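# Structural description and commentary
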Amino acid sequence: MINKKKLWKTTDNHNAEDRIETIKKEPVPEHVAIIMDGNGRWAKKRALPRIAGHHEGMKTVKRITKLANKLGVKVLTLYAFSTENWKRPKHEVDFLMKLPEEFLGTFLPELIEENVQVQMMGEQSQIPKHTLSAVEKAMEKTRDNDGLILNFALNYGSRAEILTAVKNIIRDAKNDILLEENLNEELFSRYLMTKHLKDPDLLIRTSGEIRLSNFMLWQLAYTEFWFTDVNWPDFKENHLLEAIEAFQRRSRRFGGLS
Ligand code: V07
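So, here is what we can say about the structure in this document. (Residues numbered from 1 in each chain as written. Predicted model: local features only at pLDDT ≥ 70, side-chain atom pairs only at ≥ 80, totals over all residues. Heavy atoms only, no water.)

For the rest of this paragraph, the subject is unusual backbone geometry. You will see that Asn 115, though not glycine, has its phi angle at about 65°, which is positive. Looking at the element boundaries, Asn 115 is found in the loop between α5 (99-113) and β3 (117-121). Since its relative accessible area comes to 27%, Asn 115 is described here as partly exposed. Here Met 216, not a glycine, exhibits a phi torsion of approximately 50°, which is positive. Looking at where Met 216 falls in the secondary structure, it is placed in the loop between β5 (202-205) and β6 (224-227). (Helix = DSSP H or I, 4+ residues; strand = E, 2+ residues; numbered from the N terminus. Buried < 20%, exposed > 50% of the residue type's maximum accessible area, 1.4 Å probe, protein only.)

Here's what the structure looks like:
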């Protein structure tokens, strides 16, 4: 007797592989940034505590990282914790700050195996020591990897990032390290936390909110945006493929015009 479930799954995987191959024939966005929203909403719909949503969202991070790597995406920037998130209840913040350790505890060997390089951007001074050490260890262990850069925005806020850049520019100008006449957009970018990364080509935000919430305001100036109502824990491989296919359609149209 034919196992229907297995047959479905096999057919499904086969189609997914074909879809990935088709996508790889056209330019794939080199830098994808994601605002991973809707973890609390996902939990509420199921009458679960918010932290259950965050934990489920962490599983999505693993799946999407693997697929991005497979697609040949060069940088995946994920908004894991904003400077605003400290306003949440203490137990929720404490739980969130344990997620990097849990994530890396189970997933770091695979990241190393898959040639992924872990990076982090954000204000480090307020991040608990146990969280920071785990992330630093992962960065250290993956520093020579030259595959996907998995860049976590942790305690990140874009306005603060821009202000710090301005202050450092003033400092360098006062010390004659920088001449005012040399300051342009390219040089300004080198004072941001993303100085070593190209700007995102594609921004994805889940869970139906259509705003930037203080995320990479400078860097997103020319980025294509893709919004979905899907909550982050429900964001599956096919959703990322859909976003990238939409990106490629827009690129084709733009290409036709120029
Ligand atoms: C967090 C899971 C994803 C949805 C958004 C909120 C909750 C992975 C990390 C992480 C961060 C740094 C690192 C390795 C993993 C993470 C926080 C929250 C604070 F090096 N998921 N995830 N960090 N969520």
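Back to the text.
Position of Thr 223 among the secondary structure elements: in the loop between β5 and β6. A polar contact is formed between the side chain of Thr 223 and the backbone oxygen of Pro 200, at a distance of 2.7 Å. Dropping the residues within four chain positions of it, Thr 223 is found in contact with Pro 200, Asp 201, Leu 202 and Leu 203. (Polar contact = N/O pair within 3.5 Å; in protein donor to acceptor, adjacent residues only side chain to side chain. Contact = heavy atoms within 4.5 Å.)

Turning to its location among the elements, Phe 254 is positioned in helix α9 (residues 237-257). The exposed category is assigned to Phe 254, whose relative accessible area is 60%. A C-alpha to C-alpha distance of 28 Å links Phe 254 and Phe 188, two positions 66 residues apart in sequence.

Turning our eyes to something else, we now look at the site of the ligand. Contacts to the ligand come from 16 residues, most closely from Leu 96, Leu 99, Phe 103, Val 135 and Phe 152. Surface burial for the ligand is 98%, taken as the share of its 510 Å² of free accessible area covered by protein chains. Those elements that provide at least two residues to the shell around the ligand are α3 (50-71), α5 and β4 (149-156). Of the residues belonging to the shell around the ligand, the class tally is 13 nonpolar, 3 polar and no charged. (Near = heavy atom within 4 Å. Areas by Shrake-Rupley, 256 points an atom, 1.4 Å probe, with all protein chains shown as cover. Nonpolar A, V, L, I, M, F, W, Y, C, P; charged D, E, K, R; others polar.)

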